[in-house]
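Listed below are the residues making up each chain.
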Amino acid sequence: MPQKAHFISGLPRSGSTLLAAILRQNPRFHAAMTSPVGGLVERMLEAMSENNEFSVFISPEQKRALILSIFSAYYHPQADPEVIFDTNRLWCSKLPLILELFPEAKVICCVRNIAWIMDSIELLIRRNAFDVSRLFNNPAERATVYNRTEALSQKC
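Reference entry: report on the structure contained in this document. (Residues numbered from 1 in each chain as written. Predicted model: local features only at pLDDT ≥ 70, side-chain atom pairs only at ≥ 80, totals over all residues. Heavy atoms only, no water.)

**Some points on the pairing of strand E3 (residues 83-87)**
Looking along a regular strand, one sees the side chains alternate between the two faces of the sheet.
And then number 1: E3 sits mainly inside the fold: 5 of its 5 residues count as buried.
And then number 2: Sheet topology places strand E1 (residues 4-10) next to E3; 5 bridges connect them, and they run parallel. Looking across to E3, one finds that Phe7 is bridged to Asp86.
And then number 3: In the sheet, strand E2 (residues 29-31) pairs with E3 via 3 bridges, with the strands oriented parallel. Across the sheet, the residue bridging to Phe29 is Val83, located in E3. (Buried < 20%, exposed > 50% of the residue type's maximum accessible area, 1.4 Å probe, protein only. Helix = DSSP H or I, 4+ residues; strand = E, 2+ residues; numbered from the N terminus. Pairing = 2+ DSSP bridges.)

This is how it looks when you write it as structure tokens:
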């Protein structure tokens, strides 16, 4: 793992991709769009939870090492940058974990007015008229702008 790790999180359509692109202009930094690290960490935590009958055999130190190994293995090819910015929306829900693993880390949380987010998503949906968005679970949720906005507001 690099000298420093920081995390980018936040609401959809709030600027995290733009922020990563700006940070990437500095050769000392590695930043990209959403990485799979957050999901991998989540699955590993689930696998080590009480739902797994073998979890009693995994010590807290081993759990810590296993989670750190995900970061190390994923970012091994980016050995040159001094600072890694990992982007994933779920980091805000993992603040105690981040504090435990990377006490010097910062979490940059991108925010935006909810109405502007809804408008931005609606514009994308209209611009891609031949695509079926996975944001909605069924045709009823996709039917009208009102249905789409209602469905999206239930997910926030």
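**Quick look at the state of the cysteines**
And then number 1: For the structure shown, the criterion picks out 0 disulfides.
And then number 2: Take Cys109: it sits in no disulfide, and the sulfur closest to it among the cysteines is that of Cys92, at 3.7 Å.
And then number 3: Exposure remark for Cys109: the relative accessible area of 41% places this residue in the partly exposed category.
And then number 4: Counting only cysteine sulfurs, Cys109 is the nearest neighbor of Cys110, a cysteine outside any disulfide, at a range of 6.9 Å.
And then number 5: What makes Cys110 buried here is its relative accessible area of 11%. (Disulfide = S-S within 2.5 Å.)

**A few points about the packing of aromatic side chains**
And then number 1: According to the stated counting rule, one finds 7 aromatic pairs in the structure shown.
And then number 2: Judged by centre distance (4.9 Å) and plane angle (65°), the ring pair of Phe7 and Trp91 falls under edge-to-face. You can see Phe7 sitting in strand E1 and its partner Trp91 sitting in the loop between E3 and helix H4 (95-101), a full 84 residues away along the chain. Accessibility assignment for this pair places Phe7 and Trp91 in one class, buried.
And then number 3: On the basis of an interplanar angle of 75° and a centroid distance of 5.0 Å, the ring pair of Phe71 and Phe102 is categorised as edge-to-face. Of this pair, Phe71 sits in helix H3 (residues 60-75) while Phe102 sits in the loop between H4 and strand E4 (107-110), and the two are 31 residues apart along the sequence. Taken individually, Phe71 and Phe102 each receive the classification buried, so the pair is uniform in this respect.
And then number 4: Put simply, the rings of Phe7, Phe71, Trp91 and Phe102 touch in pairs and so form one group of aromatic residues. (Phe/Tyr/Trp six-rings, centres within 6.5 Å; stacked < 30°, edge-to-face > 60°.)

**Here we look at the packing of helix H2 (residues 37-47) against H3**
And then number 1: Running from N to C, H2 and H3 cross one another at 155°; their axes reach a closest spacing of 10 Å. One finds that H2 runs roughly antiparallel with respect to H3. As H2 packs across H3, the resulting crossing turns out to be right-handed. Counting all contacts with H2, which are made through Val37, Leu40, Val41, Met44 and Leu45, the residues of H3 involved are Leu66, Ile67, Ile70, Phe71, Tyr74 and Tyr75.
And then number 2: Among the residues making up the contact of H2 with H3, the classes are represented as 11 nonpolar, no polar and no charged. (Axes fitted to C-alpha atoms, helices over the stretch in contact; angles between N-to-C directions. Parallel < 35°, antiparallel > 145°, perpendicular 65-115°, else oblique. Left-handed = near helix turned anticlockwise from the far one by under 90°. Contact = heavy atoms within 4.5 Å. Nonpolar A, V, L, I, M, F, W, Y, C, P; charged D, E, K, R; others polar.)

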